[in-house]
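The chain contents come next:
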Amino acid sequence: MLKQMRVWRLWCAVLLVGLTLPAAAMADEPAVPELEVRTVVSTKDGEKQPVRVWAPESATSQPTPLLISLHTWSADYRQDRSPWVREAVKRGWIYVQPNFRGRNDNPAACGSELARQDVIDALDWARRTWKVDDERIYLAGVSGGGHMTMLMAGYYPERFSAVSAWVGISDLGEWYRFHTRNGKVGNYARMVAACCGGAPATSAAVDAEYEARSPINVIGQVGDLRVDLSAGVKDGKTGSVPIHHTLRAYNAIASAGGHPTISDAEMDYLWEHGRLASPQPGDEVDDPTYGREIWLRRKAGPARVTIFEGGHEGLPAAACAWLEKQSRPTRHGE
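These lines cover the structure that appears in this document, whether it is placed above or below. Since the model is a prediction, treat every value here as computed from it, not as a measurement. (Residues numbered from 1 in each chain as written. Predicted model: local features only at pLDDT ≥ 70, side-chain atom pairs only at ≥ 80, totals over all residues. Heavy atoms only, no water.)

1. Examining the packing of helix α3 (residues 113-129) against helix α4 (residues 144-155)
Rules: To obtain each axis, a line is fitted to C-alpha atoms, and for helices this fit is confined to the stretch in contact; angles are then taken between N-to-C directions over 0 to 180 degrees. By definition, any uninterrupted DSSP run of H or I lasting at least four residues is a helix, any uninterrupted run of E lasting at least two residues is a strand, and each is numbered from the N terminus. Angle categories: roughly parallel below 35 degrees, roughly antiparallel above 145, roughly perpendicular from 65 to 115, and oblique for all the rest. Note on definitions: a residue-residue contact is assigned when non-hydrogen atoms from the two residues lie within 4.5 Å. Any residue that is not Ala, Val, Leu, Ile, Met, Phe, Trp, Tyr, Cys, Pro, Asp, Glu, Lys or Arg is counted as polar, Gly included; the first ten are nonpolar and the last four charged.
The interhelical angle for the contact between α3 and α4, taken along N-to-C directions, is 80°, at an axis separation of 11 Å. Taken together, the axes of α3 and α4 lie roughly perpendicular to each other. Contact residues: Ala115, Arg116, Val119 and Ile120 in α3; Met148, Leu151, Met152 and Tyr155 in α4. Here the residues of the contact of α3 with α4 are counted per class, giving 7 nonpolar, no polar and 1 charged.

Right, dumping it as structure tokens:
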């Protein structure tokens, strides 16, 4: 009986610790401040574009890292991205959340020239407004924001120190076809077509739009830009973007730099089984910043790719933990 009482008390203590630790941990987290809405005028077409921002008071007087955080596919600048804001506040970074033409359902959005320029305009506006540390300019996004992060990395690698893209679409044509399988045109396929002017192969002009807006065609130009690509292994099954988009984007970077690539057989096995049949020594690493099992991790120069246990999601704490370790001079044509 005495032994049973001891076991009971031990179990209660463990339960109490389990219940109180998350609250204590949350108490250490900074409060998420209300973001200010500012206006940035497009240098491409003169349109006024809203951005939501926060900066520490010290950002006006001392060099401060900048995080540009990009909204997801169906959202706009008003999206609640509190976990990303919290990570920026915790580190004392400037936080900028641009609109880049909002929801991806019209030709001006979805990685158009206008949308790409909006991100650059927001970056330039931030540099005029605060004392930005030009060696620590970061870009990050999830899903549609991951698509735009990869696209910006390919078109403007000199403007960023490091980028982190999560579950991003790298090939709009392939994504359109994925969402039209079984002959049914899904919502995401309709949105892509609305942005690009029609379905793939409709015309040469339409195909040119798909090509220009697909990161897979430009991400090989990143050079020595620090690039972090991640995806949950179940995405495409429980989510909307198969892991092949992330893995093929990584391959484009690796191939351009003369590094080994991930084979189609590895991709397909990972897709079918959720883990590799024969993982390399560095694949199944323990990374506390993720807090998840990792099934694949490869590196190609300053770029890395991670497939983790999860779905269509981003992990802001892991992204920012990696970003804060990256430093690289940027160029701004001044």
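2. Details of the nonpolar core
What counts, and what does not: In this description, a nonpolar core means a group of buried Ala, Val, Leu, Ile, Met, Phe, Trp, Tyr and Cys residues linked to one another through side-chain atoms lying within 4.5 Å. Each residue is assigned to one of three classes by its accessible area relative to the maximum for its type, calculated with a 1.4 Å probe on protein chains only: buried under 20%, partly exposed between the two thresholds, exposed over 50%.
Residues Phe160 and Trp166 are the most contacted members of the largest nonpolar core, which totals 79 residues. Sort the elements by how many residues they give to this core and α3 lands first, with 7 residues. Counting residues in hydrophobic clusters, the runner-up holds 15 residues, among them Tyr176, Cys195, Tyr210 and Val241.

3. Quick look at the pattern of salt bridges
To keep it simple, the criterion reads: One side-chain nitrogen of Lys or Arg within 4 Å of one carboxyl oxygen of Asp or Glu is enough to make a salt bridge.
The final tally for this structure, using the stated rule, is 22 salt bridges. We note a salt bridge from Asp283 to Arg298, for which the minimum N-O separation is 2.8 Å. Of this pair, Asp283 sits in the loop between α9 (264-273) and β8 (294-300) while Arg298 sits in strand β8, and the two are 15 residues apart along the sequence. Each member of the pair, Asp283 as well as Arg298, carries the same accessibility label: buried. Several salt bridges converge on common partners, so that one network encompasses Glu29, Glu87, Lys90, Arg91 and Glu324.

4. Some thoughts on the sheet that holds strand β6 (residues 162-166)
What counts, and what does not: Paired strands, as defined in this entry, are two strands with at least two bridges between them according to DSSP.
The sheet built from 9 strands is open, its strands ordered β1-β2-β4-β3-β5-β6-β7-β9-β8 with mixed pairing. Unpaired on one side and paired on the other, β1 (36-41) and β8 mark the two borders of the sheet. With direction set aside, neighbouring strand axes in the sheet form an average angle of 20°. When strand β5 (residues 132-142) meets β6, the two strands line up parallel, connected through 5 bridges. Looking across to β6, one finds that Tyr138 is bridged to Ala162.

5. Describing the environment of Thr330
Note the threshold: Any pair of nitrogen or oxygen atoms within 3.5 Å is treated as a polar contact; in protein, a donor-acceptor pairing is required on top of that, and neighbouring residues in sequence qualify only through side-chain atoms on both sides.
Note that Thr330 resides in the segment after α10 (316-323). Residue classification places Thr330 among the buried positions, given a relative accessible area of 13%. Each C-alpha atom of the pair Thr330 and Ala162 lies 9.8 Å from the other, and the pair is 168 residues apart in sequence. In this structure Thr330 touches Asp134, Ile137, Glu158, Arg159, Phe160 and Ser161, once residues within four positions along its chain are discounted. A polar contact is formed between the side chain of Thr330 and the side chain of His332, at a distance of 2.7 Å.

6. Some points on the pairing of β5
Both faces of the sheet carry side chains from a regular strand, because those side chains alternate between them. Selection criterion: Here the term right-handed applies to a crossover when the path leading from its first strand over the helix to its second strand runs clockwise, the strands being oriented away from the viewer.
In terms of burial, β5 is a largely internal element, 8 of the 11 residues being buried. As defined by bridge partners, strand β3 (residues 64-70) adjoins β5 across 6 bridges and the pair is classed as parallel. Paired with Leu66 across the two strands is Ile137, which belongs to β5. For the crossover that starts at β5, traverses α4 and ends in the parallel β6, the hand is right-handed.

7. As for the environment of Glu47
For Glu47, the position within the fold is in the loop between β1 and β2 (48-54). For Glu47, a relative accessible area of 43% translates into the label partly exposed. C-alpha separation for the pair Glu47 and Leu114, spaced 67 residues apart in sequence, amounts to 9.6 Å. If near-sequence neighbours (up to four positions away) are discounted, Glu47 is found in contact with Val40, Val41, Ser42 and Arg101.

8. What to know about unusual backbone geometry
Positive phi values are uncommon outside glycine, yet Asn182 reaches one of about 65°. Relative accessible area serves as the criterion here: at 81%, Asn182 is assigned to the exposed category.

9. A few points about the packing of helix α6 (residues 187-196) against helix α7 (residues 204-213)
One can describe the packing of α6 onto α7 by two numbers: an axis separation of 9 Å at closest approach and a directional angle of 105°. Here α6 lies roughly perpendicular to α7, going by the angle between them. Where α6 approaches α7, its residues Val192, Ala193, Cys195 and Cys196 are matched on the opposing element by Val206, Glu209, Tyr210 and Arg213. Of the residues in the contact of α6 with α7, the class split is 6 nonpolar, no polar and 2 charged.

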